[in-house]
Amino acid sequence: MRSHFSREISFIGHRRQFLTLSCVLVILSIVGLVLRGLVFGIEFTGGTEVDFYETGDVTIEQMRGALEAADEGTATVQTTTMQGEAGFLVRSDTTDPATANAHAQAAAKSLGLTSDNYTVTTIGPDWGADTTRSSLMAFGVAILLIIAYVSFRYEFKMSITAVAALIHDLVITLGVYAWFQIDISPNVIAALLTIMGYSLYDTVVEFNRMNENAKQLRDGVHRTYFEICNFSINEVIVRTINTTVVTLVPVICMLAIGGATLKDFAFAILVGEVLGTYSSFAVASPLLAIWKTREPKWAKLEARYGSAAKVEAAPAVDAAEKNEPKEG
């Protein structure tokens, strides 16, 4: 495999800028998580969700007034659209199914709606705690399996840098949800686990090329690990971009015309896939190259052929050229 470009793009040459940008995004995400926090759906906290659909000319103020009259004054109300029809999504802390149904019925009746215009979903706090615990366990097991597989297939340093890129993607994605106060639902958790797969795929493709080139590439040009790393990224970057574009097409369609459930999943996938593609060449690969260059073998080659050595050699070459006798 060879690069699709006539000249190599200097991804590794801009590693400091890439890593600085990633650090800024991670810090902003952590600030958002601390100051604004995540908004968890009723699947995690317990409560009631009422979907009102085909509500006609009912305004959000009328809906809030009807809920307040039905003793659901603290409920949050969002407007929705389902197949071109206006509606509302109502969330409250009510965990008793009978009470939730009675309140929804009273609100619907006062607005001139029937039982065909709403559905009530009530989830107890115990189920929400189980969902939270299962989600955290799934993430923990996934991280451990990734470290084990990549360490076995390649090397431990690759597994750690791959996980660093995964954490980078997940933290920034959660930061987006925190800053924009978007609800975290089980669909979002499923999307985050899917993001881990996409991000790992792009990273492993690049690591595989680096591993092969580090062993076999003898072109007299790419000697240091930084150079081999950059060349390897150039070899696979078009494949990575094509894969990302193809996978994003259905995701964008889901986000544009899908229902609320699909949009929850699609938005997380959209953010995560873009970050996963970026982190593979801007986070995982530079971190690996920096770490590998500290090994004795690669450190010697960097000292001899690296950018610093080339800078030191340039004045000597210029001086030699100036001192050469001129013909004639």
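To start, this report covers the structure provided alongside it. Just so it is clear, the structure is predicted and the values come from calculations on it, not from any experiment.

**As for the sheet that holds strand β3 (residues 76–82)**
Then, number 1: Judged by pairing direction, the sheet is antiparallel, and its 4 strands sit side by side in the order β3-β4-β2-β5 without closing on themselves. Two strands in the sheet have a free side with no partner beyond their single neighbour: β3 and β5 (118–123). Adjacent strand axes in the sheet meet at a mean angle of 20 degrees, parallel and antiparallel pairs treated alike.
Then, number 2: Pairing analysis gives 6 bridges linking strand β2 (residues 47–53) to β5, with the strands arranged antiparallel. Following the sheet pairing, Phe 52 is matched in β5 by Tyr 118.
Then, number 3: The sheet contacts of helix α3 (residues 60–69) involve β2, β3 and β4 (85–92), and relative to β3 the element is tilted by about 130 degrees.
Then, number 4: Sitting on the sheet, helix α4 (residues 97–110) touches β2 and β5, and the angle it makes with β5 is about 155 degrees.

**With respect to helix α1 (residues 15–35)**
Then, number 1: Here α1 contains 21 residues, and its C-alpha end-to-end distance of 30 Å stays within 8% of the 30 Å for a straight helix at 1.5 Å per residue.
Then, number 2: Buried residues of α1: Arg 15, Phe 18, Leu 19, Ser 22, Ser 29 and Gly 32, and no others. Along the axis of α1, the buried positions cluster into a sector of 145 degrees, meaning they face one direction only. The outward face of α1, more than 90 degrees from its buried face, is lined by the exposed residues Arg 16, Ile 27, Val 34 and Leu 35.

**Re the pairing of β4**
Then, number 1: When you tally the buried positions in β4, you get 6 out of 8 residues, the bulk of the element.
Then, number 2: Where β3 and β4 come together, 7 bridges link them in antiparallel fashion. Pairing of Met 82 across the sheet is with Glu 85, part of β4.
Then, number 3: Where β3 folds back on β4, the antiparallel hairpin that results is connected by 2 residues, among which Gln 83 adopts a positive phi of roughly 55 degrees.

Criteria and thresholds
Residues numbered from 1 in each chain as written. Predicted model: local features only at pLDDT ≥ 70, side-chain atom pairs only at ≥ 80, totals over all residues. Heavy atoms only, no water. Pairing = 2+ DSSP bridges. Helix = DSSP H or I, 4+ residues; strand = E, 2+ residues; numbered from the N terminus. Axes fitted to C-alpha atoms, helices over the stretch in contact; angles between N-to-C directions. Contact = heavy atoms within 4.5 Å. Expected span 1.5 Å × (residues − 1). Buried < 20%, exposed > 50% of the residue type's maximum accessible area, 1.4 Å probe, protein only. Arc of directions from axis to C-beta.

In short, shape yes, function no, at least from these values alone.
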